[in-house]
Amino acid sequence: MQTAKIHRPDGAIISCDVQGDAALPPLLLSNSLATTRALWDDMLPELLKEFRVIRYDTRGHGESQTPNGNATLGDLANDAVAVLDEFKVARALMVGISLGGMTALEMAVHHGDRLTGIVACNCRDFVDDAGKAAWEERIGITQKGGMTAIASGTIARWFTDDFRLSNPDLMQRVADMINATQPLGFEACARAIMTMSLQSKIDAISIPAHFVAGSDDGAASSDVMNAMAKRVSGAACTTLADCGHLSSLNRGPELLHEIRTFATHISN
């Protein structure tokens, strides 16, 4: 495994790694808000059989740093481009969950020449006024009480009651990722979500795209994701049954199937 820390022009530091056979097609993975690249750990052994896997921590998450509490999706997409540059990867298939899916969409709009395609999972292309108010409330809570103050509520939104009760060890891993997130990083990336303008842009996506929704995802419903897919030429949306907001943890084997199938499709 090769690791790197990239110093961005605005002061952010992006921690990233690449592993796998350099002869295999490159796959860039992007994590959700309040998680790290460990979001992909359970899927990694299988992915490495077919891809050269590139992972990174979004600014202000994990081992990456943010210079302040403001960021845009454009900043996050530029960070992803810098990761590809660091490992001298001309083009990659990009898969992202939640914020990572939004970042993949932003990449497809503005840096499509760096991608062979995208799989956008559990994400949306707009935030309404009520959603923005909820994000402001969460930011305020983390500023006063740290990330532990929102950890349990976040986990409750991400996973169904049955899944949480059946997977206590996994829920602790998720809580550890949330609690390790820098409040400033949470704020910066929450503001990137709040200010995104993807709804007016995704019609312009011209590279292959696939969408993956969760049937039990209250943050990015299958209706929202299907509507996005219909606006992107040639795209489709698969809804994973009994799946909440983090499909790599909720339905890893099924998400792996979607990635493999899409990768085969675009290679042909």
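Refer to the structure printed above.
To start, this report covers the structure provided alongside it. Values in this document were obtained by computation on a predicted structure and should not be read as measured data. (Residues numbered from 1 in each chain as written. Predicted model: local features only at pLDDT ≥ 70, side-chain atom pairs only at ≥ 80, totals over all residues. Heavy atoms only, no water.)

An ideal rise of 1.5 Å per residue puts 16 Å on 12 residues; helix α8 (residues 183-194) measures up with 16 Å between its terminal C-alpha atoms. The buried fraction of α8 is high, at 10 of 12 residues. Those residues of α8 that fall on the buried side of the exposure criterion are Gly185, Phe186, Glu187, Ala188, Cys189, Ala190, Arg191, Ala192, Ile193 and Met194. Residues of α8 that are buried make contact with α2 (73-86), α3 (99-110), α4 (129-145) and α5 (148-158). (Helix = DSSP H or I, 4+ residues; strand = E, 2+ residues; numbered from the N terminus. Expected span 1.5 Å × (residues − 1). Buried < 20%, exposed > 50% of the residue type's maximum accessible area, 1.4 Å probe, protein only. Contact = heavy atoms within 4.5 Å.)

A word on the packing of aromatic side chains. Inspection of the entire model under this criterion finds two aromatic pairs. Seen from their ring centres, Trp135 and Phe186 are 6.2 Å apart, and the 55° between their planes marks the pair as tilted. In this pair, Trp135 is assigned in helix α4 and Phe186 in helix α8, connecting sequence segments 51 residues apart. The residues Trp135 and Phe186 share a single accessibility class, namely buried. Consider the rings of Phe159 and Phe163, whose centres lie 5.5 Å apart with planes at 15°: the pair is stacked. Note on Phe159: relative accessible area 2%, which makes it buried. The ring centre of Phe126 lies 4.6 Å from the NZ or CZ of Arg124, which sits over that ring. The side chain of Arg138 reaches across the aromatic face of Trp135, ending 4.7 Å from its centre. (Phe/Tyr/Trp six-rings, centres within 6.5 Å; stacked < 30°, edge-to-face > 60°. Lys NZ or Arg CZ within 6 Å of the ring centre and 35° of its normal.)

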